[in-house]
Amino acid sequence: MQYITHYTKRRYITYFIITLIIFILPFIKINNNHFFLLDFINEKLNLFFISFDTQELYLMPFILMFLFIGIFFITTLAGRIWCAWSCPQTLFRVIYRDLIQTKLLKIRKNINNKQKEYPKNFIKKIFGILIFYMISLIAVSNFLWYFVPPEIFFNYLKNPQEHLLLVGILFFVSLFLTFDITWWAEKFCIYVCPYARIQSVMFDHNTMQVIYDEKRGGIIYKDKIKLYKKPPQGDCIGCEACVDICPTHIDIRKGMQLECINCLECADACSKIQNKFNRPSLIEWTSIEAMKTKSKVKFLRFKTIGYLIVLLIILVLLIITGSKKEKMLLNINRNSELYSIDNKNGKLEITNAYTFLFQNTDNQAHKYYFTLEEENGSLNTDIEIIRPKKAFKLEAGEKIKKIVALKAKKNLNSHTQKDIIIPITIKAYAVDNDKIFVHRKTIFIYPKNQ
């Protein structure tokens, strides 16, 4: 009977699938919209292939809440599964250490021993760093595609002298990534990453962890100063294959430690040794409670169900809010002049000027105009529009500024000592589609009666 586990191979397959998805997504467009794009150049957000203007970033709090609570939920459920199975830091370390240094350049002689220091070959080491730097340029470019669409990104690179900011970000971030992976290595996970500091707070006895079975293997002394080499009484033979292969240099037999990233390479190494004795691995990916009771991990419990309910509520709110996306946007700014007074044929005319910023956020062209309404929805008969006189057309996604002039049709102020402020409601609408309209509130100022 085979007892060998294959967590490492499963991780590599997961890395490949995640990398493929992340690379392909920026090139997929539906109705000219991306799955996710926070485009600062064109001031728009694409989410789930729907386009939103940056003025519609009210969706971002929902996305951030879903992201953070999702992390809490996954951590409570499966421990530090993100660290080993999805984190770019771990993925790039596997590429640099296991692929470039070990498989390609043979700097490391044994992929199963991450503790042994081999004689440093300076030329090979520099060559390995250069290879990874090329990979980091591709990885950082891929990251930037979620902020600068690929079609624009590659056009910018054709004229780097005109887009120094983008080139600078690409150059320096890739340098930092190379420094991080080739020098900081797992020290980043241990000393820098904040996730390592907070994840233990979210654990409970049913959280999946990498656990050494002390009942089967025997107790390893937890003295941090002296590590006893003598095998304990149990199935553990003291080969220390689990210690040799650990990328963060810990002994998993001494219990759960902050440095453990749940890569489960120790479980694979132990399974190969124990399989020779027809025994399963002494290291399992399970929960404390499941190991104690020899039962399956309990995934559905009060805490995880609570997280699921909250995530579902946020997702529903995100969908509902996103479905109410406005097909047009309108910002109204008053001009610096409070009002203008004209005397025509002995009759005073009071005019207020505004700047209307219109944007067509629909995926097709429309003609727009606007009216003035009372609070009850009826037309405002006290104030009229004198400019512009007719509707105007906007192409899909187009923005335009319109200088708007409103004139009082009669005397609206009986006071002789002060100007009055009159609240007004603007209804802007698409002439060719009665379902597209927005309401905006502003004010009309009428001077004191003299």
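Above this text sits the structure in question.
Residues numbered from 1 in each chain as written. Predicted model: local features only at pLDDT ≥ 70, side-chain atom pairs only at ≥ 80, totals over all residues. Heavy atoms only, no water.

### Quick look at the sheet that holds strand S5 (residues 50-53)
So, step 1. Within the open sheet, the 3 strands sit side by side as S3-S4-S5. Their pairing is antiparallel. Edge positions in the sheet fall to strand S3 (36-39) and S5, since each has one partner strand and no second. In this sheet, adjacent strand axes meet at a mean angle of 15 degrees when their direction is disregarded.
So, step 2. Bridging between S3 and strand S4 (residues 44-47) involves 4 bridges; their strand directions are antiparallel. Note that in S4 the partner of Phe-36 across the bridge is Leu-47. (Pairing = 2+ DSSP bridges. Helix = DSSP H or I, 4+ residues; strand = E, 2+ residues; numbered from the N terminus. Axes fitted to C-alpha atoms, helices over the stretch in contact; angles between N-to-C directions.)

### Focus on the environment of His-34
So, step 1. Within the fold, His-34 resides in strand S2 (residues 33-34).
So, step 2. By relative accessible area, His-34 is classed as buried at 3%.
So, step 3. Separated by 15 residues in the primary sequence, His-34 and Phe-49 place their C-alpha atoms 4.9 Å from one another.
So, step 4. The residues touching His-34, leaving out its near neighbours within four places in the chain, are Pro-26, Ile-28, Lys-29, Asn-46, Leu-47, Phe-48, Phe-49, Ile-50, Pro-149, Pro-150 and Glu-151. (Buried < 20%, exposed > 50% of the residue type's maximum accessible area, 1.4 Å probe, protein only. Contact = heavy atoms within 4.5 Å.)

### Points about the pattern of salt bridges
So, step 1. Per the counting criterion, the structure on display carries 17 salt bridges.
So, step 2. Residue Glu-151 pairs with Lys-29 through a salt bridge whose shortest N-O separation is 3.5 Å. Taken together, the positions of Glu-151 in helix H6 (residues 150-158) and Lys-29 in strand S1 (residues 29-30) put the pair 122 residues apart, joining distant regions of the chain.
So, step 3. The class for Lys-29 is partly exposed, based on a relative accessible area of 36%.
So, step 4. Notably, a salt bridge pairs Arg-253 with Glu-240, separated by 3.5 Å at the nearest N-O pair. Within this pair, whereas Arg-253 is found in the loop between helix H11 (241-244) and helix H12 (265-275), its partner Glu-240 is found in the loop between helix H10 (214-217) and H11, the two being separated by 13 residues in sequence. Like Glu-240, Arg-253 is buried.
So, step 5. Salt bridges sharing partners connect three or more residues here, namely Arg-93, Arg-97, Asp-98 and Glu-186. (Salt bridge = Lys/Arg side-chain N within 4 Å of Asp/Glu carboxyl O.)

### Thoughts on a positive patch on the surface
So, step 1. A cluster of basic residues, Lys-103, Lys-106, Lys-109 and Lys-124, forms a positive patch on the protein surface.
So, step 2. Mapped onto the elements of the fold, Lys-109 is located in the loop between helix H4 (88-104) and helix H5 (122-144). (Patch = residues over 30% accessible without salt bridge, like charges linked within 9 Å, V, L, I, M, F, W, Y side chains within 5 Å. Areas by Shrake-Rupley, 256 points an atom, 1.4 Å probe, with all protein chains shown as cover. Lys, Arg positive; Asp, Glu negative; His and termini not counted. Charge placed at Lys NZ, Arg CZ, Asp CG, Glu CD.)

### Considerations on the pairing of strand S10 (residues 347-360)
So, step 1. Across the 14 residues of S10, 11 count as buried, placing the element largely inside the fold.
So, step 2. Two elements, strand S8 (residues 328-334) and S10, share 7 bridges in a ladder whose sense is antiparallel. Looking at S10, one finds that Asn-331 is bridged to Leu-357.
So, step 3. As judged from the 5 bridges shared by strand S9 (residues 340-344) and S10, these two strands associate in the antiparallel manner.

### Quick look at unusual backbone geometry
Most peptide bonds are trans, and most residues other than glycine sit at a negative phi.
So, step 1. The omega torsion of the bond from Arg-387 to Pro-388 falls at 0 degrees, within 30 degrees of zero and hence cis.
So, step 2. Relative to the helices and strands, Pro-388 resides in the loop between strand S12 (383-387) and strand S13 (392-394).
So, step 3. Its identity is not glycine, yet His-249 carries a phi of approximately 60 degrees, on the positive side.
So, step 4. By the element assignment, His-249 lies in the loop between H11 and H12.
So, step 5. With a phi close to 55 degrees, Lys-294 is a non-glycine residue in the positive phi region.
So, step 6. For Lys-294, the location among the structural elements is in the loop between helix H13 (288-293) and helix H14 (302-323).

### Describing H5
The α-helix winds at 3.6 residues per turn, so residues separated by three or four positions along the chain end up facing the same way.
So, step 1. If you check H5, its first and last C-alpha atoms are 33 Å apart, about what 23 residues at 1.5 Å a residue would give, namely 33 Å.
So, step 2. Looking at H5, one finds that the buried residues are Gly-128, Phe-132, Tyr-133, Ser-136, Ala-139, Val-140, Ser-141, Asn-142 and Leu-144.
So, step 3. Residues of H5 that are buried in the fold lie against helix H1 (7-24), H4, H6 and helix H7 (164-184). (Expected span 1.5 Å × (residues − 1).)

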